[in-house]
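Coordinate analysis (summary)
Letter by letter, the chains look like this.
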Amino acid sequence: MARRISAILELLLFLLLSISLASAIGISPSKIELAFQPNHHEEIIIHLINSAGRPLNATLQLGGDLAHYMKSEEGFFVIPPYQSKAYTITIDFPAIIRKPGEHIVVVNAVQAPISTKEEVRGIGATLSVEGKIVVRVPYTGKYAEATLELKDINEGEQSTATFSIVNYGLDAIQNAAGILQIYDAAGTLLDSLSTPRVYIASQATETALISLDSAKYGAGIFPVTAFAEYDGDTTEHITQQLRIGTLFVNVTDHTKKVYTKSLVPFQIYVHNRWNNQIDHLSADIRFFKEGIPIGDILKTPSISIPAWEQLSLSALWDTRLAAPGAYTAEITLYYMDKTTVVTAPVLVENQFTFNTTIILVIIIVSMLLIDIIVWLAHHFKQHEKED
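Further remarks concern the nonpolar core. In terms of nonpolar packing, the biggest core is built from 28 residues, with Ile46, Leu48, Met70, Ile89, Ile91, Ile133 and Val135 touching the most fellow members. Mapped by element, the contributors of at least two residues to this core are β1 (25–28), β2 (31–35), β3 (41–50), β4 (56–63), β7 (84–92), β8 (101–112) and β9 (126–137). Other than its neighbours up to four places away in sequence, Leu48 contacts Ile25, Gly26, Ile27, Ala58, Thr59, Leu60, Ile79, Gln83, Ser84, Lys85, Tyr87 and Ala109. In this structure, Val251, Val270, Ile331 and Val348 belong to the second largest nonpolar core, which totals 27 residues.

As a further point, take the environment of Gln37. Among the structural elements, Gln37 can be located in the loop between β2 and β3. A relative accessible area of 39% means that Gln37 is categorised as partly exposed. For the pair Gln37 and Ile97, spaced 60 residues apart in sequence, the C-alpha separation works out to 9.5 Å. Those residues in contact with Gln37 that sit more than four places away from it in its chain are Phe93 and Pro94.

One open sheet accounts for three strands, arranged β20-β22-β26; its pairing is antiparallel. Two strands in the sheet have a free side with no partner beyond their single neighbour: β20 (249–254) and β26 (310–318). On average, each strand axis in the sheet is inclined to that of its neighbour by 30°, with strand direction left out of account. In terms of strand pairing, strand β22 (residues 263–272) meets β26 through nine bridges, oriented antiparallel. The residue bridging His271 from the neighbouring strand is Gln310, located in β26.

This part is about the packing of aromatic side chains. A complete count under the given rule lists eight aromatic pairs for this structure. Measuring from centroid to centroid gives 5.9 Å for Phe77 and Tyr87, while their planes differ by 80°, and the two rings are edge-to-face. Taken together, the residues span a long stretch of sequence, with Phe77 in strand β6 (residues 77–79) and Tyr87 in strand β7 at a distance of ten residues. A centroid spacing of 6.2 Å and a plane angle of 80° characterise the contact between Phe266 and Trp317, whose relative ring orientation is edge-to-face. Of this pair, Phe266 sits in strand β22 while Trp317 sits in strand β26, and the two are 51 residues apart along the sequence. For the pair shown, Phe266 and Trp317 are each scored as buried. Site record: aromatic cluster; members linked through ring pairs are Phe266, Phe287, Trp317 and Tyr327. Here the basic side chain of Lys85 rests over the ring of Tyr87, its NZ or CZ set 5.5 Å away from the ring centre. Between Lys289 and the ring centre of Tyr327, over which it is positioned, the NZ or CZ distance is 4.8 Å.

Conventions and cut-offs
- Here the residue numbering is sequential within each chain, running from 1 through the sequence in written order.
- Per-residue local features of the predicted model are confined to residues with pLDDT of at least 70, and side-chain atom pairs are confined, for both listing and counting, to 80 or more; whole-chain, interface and lining totals are unaffected and use all residues.
- Where side-chain values are given, they derive from all heavy atoms of the structure, hydrogens and water being excluded.
- In these notes, a set of buried Ala, Val, Leu, Ile, Met, Phe, Trp, Tyr and Cys residues joined through side-chain atoms within 4.5 Å is what counts as a nonpolar core.
- Only protein chains enter the calculation, and the probe is 1.4 Å; a residue is then buried if its accessible area is under 20% of its type maximum, exposed if over 50%, and partly exposed in between.
- The secondary structure listing takes helices from DSSP runs of H or I that are at least 4 residues long and strands from runs of E that are at least 2 residues long, numbered from the N terminus.
- Working rule for contacts: check all heavy atoms of both residues, and any pair within 4.5 Å makes them a contact.
- Criterion used throughout: strands pair if DSSP finds at least two bridges between them.
- Structural elements are reduced to axes, namely lines fitted to C-alpha atoms, with helices fitted over the stretch in contact, and the angle between N-to-C directions of any two is expressed from 0 to 180 degrees.
- Stacked, tilted and edge-to-face are the three classes assigned to paired rings of Phe, Tyr and Trp, where Trp is represented by its six-membered ring and a pair needs centres within 6.5 Å; plane angles under 30 degrees give stacked, over 60 edge-to-face, the rest tilted.
- The criterion for a charge sitting over a ring is simple: Lys NZ or Arg CZ within 6 Å of the ring centre, and within 35 degrees of the ring normal.

This is how it looks when you write it as structure tokens:
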């Protein structure tokens with residue numbers, strides 16, 4: 001038993017040390033993108049950075065379907081505190097890679113005790129951080145992918161939809177355009193817009209823009225679908241949101257049930273629908289029972305809520321004098337010389353508690369059930385003997 005406890009403690013110590021070491025080492029750059037070229041030779045440099053105040057023993061290990069075309073320096077190297085070690089990765093691509101698209105070679109930073117002189121695997125080595133080398137193998141013919149960047153705005157402002165269209169094919173794309181479709185919350189198409197047409201050479205990227213006027217749509221959160229058309233083909237569809245803000249904070253949820261005879265937190269969940277941070281947001285809460293005000297007004301502390309974020313406000317409600325039943329909470333939000341008023345139902349219930357009578361009843365019923373079970377068992381046993 002003592003040996004097992006000692007092994008567990010050693011494992012926990014190792015895990016804690018691993019977490020500490022993992023936060024002390026970094027890879028730079030963490031991502032490298034390469035375009036495949038037949039029979040191409042290239043050397044890239046990756047730095048392992050020691051940000052701790054103690055030496056680290058580390059090495060690089062490569063993994064992935066194209067890792068065998070790459071070589072790095074072998075063996076562990078001690079990196080002094082607050083310094084870095086440069087690793088040269090030599091790449092020799094073959095004449096052809098049959099599978100087109102994106103291939104990822106994982107770059108693992110592996111650590112080991114300082115005394116280690118060779119590669120360590122298993123529990124003796126610690127996988128700290130991970131980078132990647134992305135190799136893009138071109139498609140035959142024409143093949144494009146598109147990304148979309150949408151800028152959030154407020155009413156009265158202009159937004160921009162930025163399309164980046166990449167031609168991963170071997171042939172040039174003669175005619176490409178980004179298409180943006182804007183819908184309302186019910187899914188009805190409000191607008192369909194397109195960028196100017198562009199020419200995209202093989203393995204090249206072109207950017208195209210669409211200007212959006214908030215006055216055309218008003219405030220709200222609008223689902224959008226985006227894609228690119230190119231030489232009779234289309235890219236995969238992208239779904240995002242166009243957010244046009246207005247100075248408004250909405251109540252999205254609240255505490256719906258509390259128990260009597262206690263001091264309970266009453267929580268309000270709010271959503272900032274403005275494209276700016278709102279400071280000094282607070283709330284007053286008043287409770288009514290059948291239209292009659294009950295108790296004092298609750299006041300929450302004030303908070304700052306970032307653009308488009310959802311946060312909660314809270315105040316303590318003393319329900320010791322509240323009778324069970326249905327109440328109405330009138331919630332008033334205060335922010336930037338504006339108010340939002342919402343009424344919401346709240347249910348107050350008696351809290352079930354064990355008392356001496358209930359405990360005695362449970363004990364008596366349990367004893368009766370045990371007596372019945374024992375009697376039945378004895379009865380069936382006697383019946384079997386008689387048979």
